[in-house]
Amino acid sequence: GNYPNPFRGVTSINYELASAQFVTLVVHDIQGRKIATLVDGFQSSGWHTVALDASSLRLAPGPYFYRLAGGNFSQSSKLVVVP
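Since the model is a prediction, treat every value here as computed from it, not as a measurement. (Residues numbered from 1 in each chain as written. Predicted model: local features only at pLDDT ≥ 70, side-chain atom pairs only at ≥ 80, totals over all residues. Heavy atoms only, no water.)

Draft legend 1. A look at the overall build of the protein chain. A tally of regular secondary structure across the protein chain gives zero helices and seven strands. Taking 83 residues into account, the globule formula puts the C-alpha radius of gyration at 12 Å, and the protein chain, at 12 Å, falls close to it. The burial tally for the protein chain puts 35% of its 83 residues in the buried class. Restricting to contacts in the protein chain with at least 6 residues of sequence separation, those with at least 24 account for 55%. (Helix = DSSP H or I, 4+ residues; strand = E, 2+ residues; numbered from the N terminus. Rg over C-alpha atoms; globule rule 2.2 N^0.38 Å. Buried < 20%, exposed > 50% of the residue type's maximum accessible area, 1.4 Å probe, protein only. Contact = heavy atoms within 4.5 Å.)

Given below as structure tokens:
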């Protein structure tokens, strides 16, 4: 998941990969429009952290979703930007 959540400014998205694989991490708004691709490439096994900076992406306050996918898994989580 990401921490902190809700957040203003920057949040960190942490995840663990059991094996090396191609991974994508994409942020969507509440209507399902792609806002940003944070990861799109091959990553080693182990823990990874990706920073999401709401101000650099010009995210308005409100809910967003991110989808982490790779190999044989896919998971989505909600994050909330506060004013």
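Draft legend 2. Structural context of the nonpolar core. In terms of nonpolar packing, the biggest core is built from 17 residues, with Tyr15, Leu25, Leu79 and Val81 touching the most fellow members. Breaking this core down by element, the ones donating at least two residues are β2 (10-17), β3 (21-29), β5 (46-53), β6 (62-70) and β7 (73-81). With sequence-adjacent residues up to four places away left out, Leu25 is seen in contact with Ile13, Tyr15, Ala36, Thr37, Leu38, Val39, Val50, Tyr66, Arg67 and Leu68. (Core = buried A, V, L, I, M, F, W, Y, C linked by side-chain atoms within 4.5 Å.)

Draft legend 3. Local environment of the sheet that holds β7. Across the sheet, which stays open at both edges, the four strands sit in the order β4-β3-β6-β7 with antiparallel pairing between neighbours. Across the chains shown, the open sheet's two edge strands, defined by having one partner strand only, are β4 (34-43) and β7. Geometrically, the sheet is characterised by an average inter-axis angle of 15 degrees between neighbouring strands, direction not taken into account. With nine bridges connecting them, β6 and β7 associate as antiparallel partners. Within β7, the position partnered with Leu68 by the bridge is Gln75. (Pairing = 2+ DSSP bridges. Axes fitted to C-alpha atoms, helices over the stretch in contact; angles between N-to-C directions.)

Draft legend 4. Main features of the sheet that holds β5. With antiparallel pairing, the three strands of this open sheet are ordered in space as β1-β2-β5. In this open sheet, the two strands that pair with only one neighbour each are β1 (2-3) and β5. Both β1 and β2 contribute to a ladder of two bridges, which runs antiparallel. Across the sheet, the residue bridging to Asn2 is Ile13, located in β2.

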